[in-house]
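# Fold and geometry: a report
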Amino acid sequence: CVCVNLVGVKRGMRKKEIKEISGDVVCVVMPNHRDKADLSMFRSASSEVMAILAEHATIFERASIDEAYIDITANVKKMIGLPINKDKLWRTYIAGSTAGT
């Protein structure tokens, strides 16, 4: 059972323990195949997301079912222009820049 934002619930807790904290919790059972979680639904969704990321990245490396490393430098440069307009990146640290320090 995975509970998000439920006070007192910790990772790895049993359903019985979670129900003691909050009786309103509804636990959903993952589909199983040969006594293991069937991740085919997640793999399919992951493939769709990864394909979209790969379309927009110069360099793309899939790290796991839900993680990827992507280089979107070229796209960002097109969006903000060069030289970099620091006003468009006010919440971003730019290596080598003395602005905002």
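Whatever comes next refers back to the structure up there.
The residue count restarts for each chain, going from 1 along the sequence in the order it is written. Local features in this predicted model are restricted to residues of pLDDT 70 or higher, and side-chain atom pairs are both shown and tallied only at a pLDDT of 80 or more, whereas totals for entire chains, interfaces and linings draw on every residue. To get the side-chain values, all heavy atoms of the structure are used, and hydrogens and water are removed first.

### Comments concerning the environment of Asn32
Only DSSP runs of H or I reaching four residues or more are called helices, and only runs of E reaching two or more are called strands; each is numbered from the N terminus. The residue Asn32 is located in strand S1 (residues 32-33) in this model. The class of Asn32 is exposed, set by a relative accessible area of 52%. Buried means the residue's accessible area, taken with a 1.4 Å probe over protein chains only, is under 20% of the maximum for its type, while exposed means over 50%, and partly exposed covers the values in between.

### Some details on the pairing of strand S4 (residues 67-71)
We treat two strands as partners when DSSP finds at least two bridges between them. Where strand S3 (residues 59-64) meets S4, five bridges bridge the pair, whose relative direction is antiparallel. In the sheet register, Phe60 faces S4, and the bridge partner there is Ile70. Connecting S3 to the antiparallel partner S4 that follows it, the hairpin turn spans two residues.

### Some words on the side chain of Ser46
Along the chain, the position of Ser46 falls in helix H2 (residues 40-55). Assessed through its relative accessible area of 6%, Ser46 is described here as buried.

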